[in-house]
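# Results of the structural survey
The lines below spell out each chain.
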Amino acid sequence: MEQSRAPEALFSDRVKINGVVTLMTLTVNGQLRWSDRCLVVEKEILGFVVNGSKIKIRTIVEAGAGICCGGNKGALVRKNFTFEPLSDDLLRLWCDNLQNYIDSLGRPKRLFVLVNPYGGKRSASKIFLDFVKPLLEDANIEITVQETQYRLHAKEIALSLELPKYDGIVCVSGDGILVEVINGLLGRGDWKTAITMPLGVVPAGTGNGMAKSLLDSAGEPCTPANAVLSIIRGHRHSLDVATVSQGQTKFFSVLMLAWGLVGDIDIESEKYRWMGSARIDFYAIQRIFCLRKYNGCIKFVPAPGYEACGEVTSIECESTGEVIPSEDGTDKLLVNGQQNGYQGADIDMKNLNWRKVDGPFVSIWLHNVPWGGEDTMAAPDAKFSDGYLDLIMVKDCTRLGLLRLMTELNNGGHVKSPHVQYLKVKAFILEPGPRNDDPSKEGIIDVDGELLASGKGTYRCDQKTLLAYEKLHINVEQGLATLFCPI
């Protein structure tokens, strides 16, 4: 039987550990080995610091890990391992070899960190102090920290931030700050360069759908420590961006759009925000027992394999051309306030293969990533950069059936229900109508957890919204943005 060969050494020498001289080796495949220990540089070593004649290795390992840290995923804990080279020259050589290997991994060295102290249960500041700051400092990453002070502050910051000074932007919040940052980057004159800036998300809000989607894709728990570790490692993944447009007004979405039941629950449950994430389930039960249906129509371009849904239709010539900022001031909040910003995907909308479904509808839900929140796997087949949105449509369902669907949201089982149509679309048009039971009342359009449009007689209908409760268009640009990801 052939014996496994030991990994080739990049650098090796005898060192002192706890007063005992032992052989330590840094291998070419990034393992730091001594005695019965093995640390994987990419996964477990955050950084190191020199204290006199000793080198302190700062790591994050799984609690209870054995000889080679890894195996079953458990809680992450910070640990230090200290060793002493046997001379000053060897100290310098160890530092050079360790740093060169870490640098070869492409990790970020300078990050701009946005902290939203008002989101969710107002825990972001504590999460930053307990997890984000200590781990980034262990990794010798320079950070510039800015707390957001008001709604859309993050977008304003992203519009004017000196991007060459940083290797990434980190959002310690729910999904809202990430959405603001992307809208800010795409509103810049240098948007083509700006949108390549890697973005990191640390879950500190109510929903945390993007952080959950990223970490779950690698089988990692959705925790602040896991999220920060994925940022430190520096792996990147492209992300589709959807352009939601109505006339000359545009908004850029990365998570979801909801109209009907899901949108009503997401926005109207804000009156119970003091309940935290429990507000969603609480208000969902209320909405199901007082069920609404909405008249209207959807048109969409299905992905290959989904052409059987709906009936063939066509659309009038729709321009995706130049955006001119509106004069009422709303565009400066959510839309690109510059004519030379990103104008949306360059798509010939008229000559696509459109399909149509007429209402009434219980719910229309478009998703860009699998998870809408930490407990809601809205679109189990969604991909970060496949160039499609996942459409979850419910036209008719009993109240009992909807309650059963609710119990399946945590594992994506709801899409298998006969009451649900689940497909992928490249482009989408929503023509929202009034409530089926009361034509004097209309509905809510929710994009990425924000109220984008509210019709007559709705919750917060007196509030100025970016879009009117009228026809809107959505198309997708594949892989436009970039996220830090676990793998």
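Conventions we followed
- Residues take numbers from 1 onward in each chain, read along the sequence in its written order.
- Since the coordinates come from a predicted model, pLDDT governs what is reported: local features require at least 70, and pairs of side-chain atoms require 80 or more to be given and counted, while whole-chain, interface and lining totals use all residues.
- Side-chain measures were taken over the full set of non-hydrogen atoms in the model, leaving aside hydrogen atoms and water.
- UniProt positions are given in the numbering used here, feature names are shortened, and annotations may be inferred rather than shown by experiment.
- Helix and strand assignments come from DSSP, with helices taken as H or I runs of at least 4 residues and strands as E runs of at least 2, each series counted from the N terminus.
- To sort residues, take the accessible area from a 1.4 Å probe on protein chains only and compare it with the maximum for the residue type: under 20% means buried, over 50% means exposed, and anything in between is partly exposed.
- The contact criterion used is simple: two residues touch if any of their non-hydrogen atoms lie within 4.5 Å.
- Here the expected length of a helix is defined as 1.5 Å per residue gap, with one fewer gap than residues.
- Stacked, edge-to-face and tilted labels apply to pairs of Phe, Tyr and Trp rings (six-membered ring for Trp) whose centres lie within 6.5 Å, assigned for plane angles under 30 degrees, over 60, and everything in between, in that order.
- Only when the NZ atom of a Lys or the CZ atom of an Arg is both within 6 Å of the ring centre and within 35 degrees of the ring normal do we say a charge sits over the ring.
- Domain borders in the structure are assigned automatically or taken from a domain database.
- Here the quantity called buried area is the accessible surface, traced with a 1.4 Å probe, that two parts lose on coming together, added over both.
- Salt bridge, as applied in this entry: a Lys or Arg side-chain nitrogen positioned within 4 Å of an Asp or Glu carboxyl oxygen.
- Side-chain atoms alone can form a polar contact between residues adjacent in sequence; in general such a contact is a pair of N or O atoms within 3.5 Å, and within protein one must be able to donate a hydrogen while the other accepts it.
- At least two DSSP bridges between two strands are needed for those strands to be called paired.
- To get an axis, a line is fitted to the C-alpha atoms, and for a helix only the part in contact is used. The angle between two axes follows their N-to-C directions and goes from 0 to 180 degrees.
- Any angle that is under 35 degrees is reported as roughly parallel, and any over 145 degrees as roughly antiparallel; angles of 65 to 115 degrees are reported as roughly perpendicular and all others as oblique.
- Here a crossing is called left-handed whenever its near helix is offset anticlockwise from the far helix by less than a right angle, and right-handed whenever the offset is clockwise.
- Amino acid classes used here: Ala, Val, Leu, Ile, Met, Phe, Trp, Tyr, Cys and Pro are nonpolar; Asp, Glu, Lys and Arg are charged; the rest, including Gly, are polar.

Per an unreviewed UniProt entry, the chain goes by sphingosine kinase and derives from Coffea canephora. According to the UniProt record, the Subcellular location (unreviewed entry) comment for the chain reads "Vacuole membrane".

Looking at where Ile-195 falls in the secondary structure, it is placed in the loop between helix 6 (191–194) and strand 11 (199–203). Looking at Ile-195, the relative accessible area reads 2%, which means it is buried. For the pair Ile-195 and Thr-482, spaced 287 residues apart in sequence, the C-alpha separation works out to 7.3 Å. Among residues more than four places away in sequence, those in contact with Ile-195 are Ile-182, Leu-185, Leu-186, Leu-480, Ala-481 and Thr-482.

With 17 residues, helix 2 (residues 88–104) should cover 24 Å at 1.5 Å per step; its first-to-last C-alpha distance of 24 Å lies within 8% of that length. Along helix 2, the residues classified as buried are Leu-90, Leu-91, Trp-94, Cys-95, Asn-97, Leu-98, Tyr-101 and Ile-102. Gly-106 occupies a position one or two residues after helix 2 and carries a positive phi of about 75 degrees.

To continue, consider the packing of aromatic side chains. Considering all chains together, one arrives at eight aromatic pairs under this definition. Here Trp-259 and Tyr-294 contribute two aromatic rings whose centre-to-centre distance is 5.8 Å and whose plane-to-plane angle is 45 degrees, an arrangement assigned as tilted. Residue Trp-259 is located in strand 14 (residues 256–260), and its partner Tyr-294 is located in strand 15 (residues 294–302); the two are separated by 35 residues in the primary sequence. The exposure class assigned to Trp-259 is buried, which follows from its relative accessible area of 0%. Taking relative accessible area as the criterion, Tyr-294 reaches 1% and is therefore assigned buried. Put simply, the rings of Phe-11, Phe-83 and Trp-94 touch in pairs and so form one group of aromatic residues. Just above the ring of Trp-371 sits the side chain of Lys-212; from NZ or CZ to the centre is 4.6 Å.

What the domain assignment reports for the chain is domain 1 (9–64 + 72–105), domain 2 (110–234) and domain 3 (249–314 + 342–479). Across the contact, 21 residues belong to domain 2 and 19 residues belong to domain 3. Interface of domain 2 and domain 3: buried area, both sides summed, is about 1800 Å²; carbon and sulfur atoms make up 65% of it. Applying the counting criterion to the domain 2 and domain 3 interface returns one salt bridge. With a closest N to O distance of 3.6 Å, Arg-151 and Glu-450 form a salt bridge. Between the two partners, domain 2 and domain 3, sit six residue pairs in polar contact (both at pLDDT 80 or more). Residue assignment for the side of domain 2 that touches domain 3 shows that the elements contributing at least two residues are helix 5 (175–186) and helix 7 (209–216).

Burial analysis of strand 14 places five of its five residues in the buried class, which makes it a mostly covered element. Relative to strand 18 (residues 363–367), strand 14 is paired through five bridges, and the arrangement is antiparallel. Bridge pairing in strand 18 places Ala-258 opposite Trp-365.

Turning our attention to the sheet that holds strand 7 (residues 76–85). Sheets are built from strands paired through backbone hydrogen bonds, the pairs being either parallel or antiparallel. Reading across the sheet, the seven strands line up as 4-3-2-1-7-6-5 and stay open at both edges, with antiparallel pairing between neighbours. Pairing within the sheet leaves two strands with one partner each, and these edge strands are strand 4 (37–40) and strand 5 (45–51). Averaged over neighbouring strand pairs, the angle between their axes works out to 30 degrees when direction is ignored. With four bridges joining them, strand 3 (residues 31–34) and strand 4 adopt antiparallel strand pairing.

Take the pattern of salt bridges next. All chains considered together, the criterion is met by 18 salt bridges. Note that Glu-268 and Arg-292 form a salt bridge whose closest N and O atoms lie 3.0 Å from each other. Here Glu-268 is found in helix 9 (residues 261–268), whereas its partner Arg-292 is found in the loop between helix 10 (278–289) and strand 15, with 24 residues between them in sequence. For the pair Glu-268 and Arg-292, one class covers both residues: buried. Because the salt bridges share partners, they merge into one network encompassing Asp-264, Glu-268, Arg-287 and Arg-292.

What follows is about the packing of helix 3 (residues 124–138) against helix 8 (residues 224–233). Taken N-terminus to C-terminus, the directions of helix 3 and helix 8 make an angle of 30 degrees; their axes are 10 Å apart at the nearest point. Accordingly, the angle class assigned to the pair helix 3 and helix 8 is roughly parallel. Considering how the two elements wind past one another, helix 3 and helix 8 form a crossing that is right-handed. Residues Ile-127, Phe-131, Val-132, Leu-135 and Leu-136 of helix 3 lie in contact with helix 8, whose contacting residues are Pro-224, Ala-225, Val-228 and Ile-232. For the contact of helix 3 with helix 8, a count of residues per class yields nine nonpolar, no polar and no charged.

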